[in-house]
Amino acid sequence: MNDTFYLGCHLSFSEGYAAMAKTAVRIGANVIQCFIRNPQGGKMRGPDPEDMAEFRTLVRENGLGPLIVHAPYTVNPCSNKPEIREM
């Protein structure tokens, strides 16, 4: 059984993964939840390998828990609109 108590909040991905980890550490959170694109839809930017490496280092060094990623609100595989199903 894992006795770890996770406490965190939604953090902005606008500045990248490493910035989210730094904010989590600054506010005393030990877990991060985020959208990796606008929750109303739109394109997701590709990962930056340097940002991801820095994020992994910050997670390891600061004991941050799992990264929880929200699906965008527009996930709707039953939509009658092809553009919504594709998104």
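Going by the structure above, here's the rest.
Note that this is a predicted model, so its numbers are computed, not measured. (Residues numbered from 1 in each chain as written. Predicted model: local features only at pLDDT ≥ 70, side-chain atom pairs only at ≥ 80, totals over all residues. Heavy atoms only, no water.)

Moving on: the sheet that holds strand β3 (residues 67-70). Within the open sheet, the three strands sit side by side as β1-β2-β3. Their pairing is parallel. In the strand order of this sheet, the two ends are held by β1 (8-10) and β3, each with one partner. Strand-to-strand twist in this sheet, taken as the mean axis angle between neighbours without regard to direction, amounts to 15°. Of the strands in this sheet, β1, β2 (31-35) and β3 are in contact with helix α1 (residues 17-27), which crosses β2 at around 135°. (Pairing = 2+ DSSP bridges. Helix = DSSP H or I, 4+ residues; strand = E, 2+ residues; numbered from the N terminus. Axes fitted to C-alpha atoms, helices over the stretch in contact; angles between N-to-C directions. Contact = heavy atoms within 4.5 Å.)

Moving on to helix α2 (residues 49-62). Between its terminal C-alpha atoms α2 stretches 20 Å, which fits the 20 Å expected from 14 residues at 1.5 Å a residue. All of the buried residues in α2 are Asp51, Phe55 and Leu58. In a view along the axis of α2, the buried residues occupy a sector of 65°, so they form one face of it. α2 presents Pro49, Glu50, Arg60 and Glu61 as exposed residues on the side facing more than 90 degrees away from its buried surface. Among the structural elements, α1, β2 and β3 are those in contact with the buried residues of α2. Taking the backbone nitrogen of Glu50 as reference, a side-chain oxygen 2.9 Å away marks Asp48 as the first, capping residue of α2. (Expected span 1.5 Å × (residues − 1). Buried < 20%, exposed > 50% of the residue type's maximum accessible area, 1.4 Å probe, protein only. Arc of directions from axis to C-beta. Polar contact = N/O pair within 3.5 Å; in protein donor to acceptor, adjacent residues only side chain to side chain.)

Turning next to the pattern of salt bridges. Under the counting rule described, the total for this entry stands at one salt bridge. For Lys22, the salt bridge is made with Glu54, and the minimal N-O distance between the two is 3.0 Å. A residue pair is termed long-range when its members are at least 10 positions apart, and Lys22 in helix α1 and Glu54 in helix α2 qualify at 32 residues. Accessibility expressed as a relative area gives 45% for Lys22, which makes it partly exposed. (Salt bridge = Lys/Arg side-chain N within 4 Å of Asp/Glu carboxyl O.)

Our next topic: α1. Within α1, burial applies to Tyr17, Ala18, Met20, Ala21 and Ala24. Projected down its long axis, α1 shows its buried positions confined to an angular sector of 160°, all on one face. Packing partners of the buried residues in α1 comprise β2, α2 and β3. Two residues or fewer after α1 comes Gly28, characterised by a positive phi angle close to 85°.

So, on to the environment of Arg85. Note that Arg85 resides in helix α3 (residues 82-86). Residues within four places of Arg85 in sequence aside, it is in contact with Asn76, Pro77, Ser79 and Asn80.

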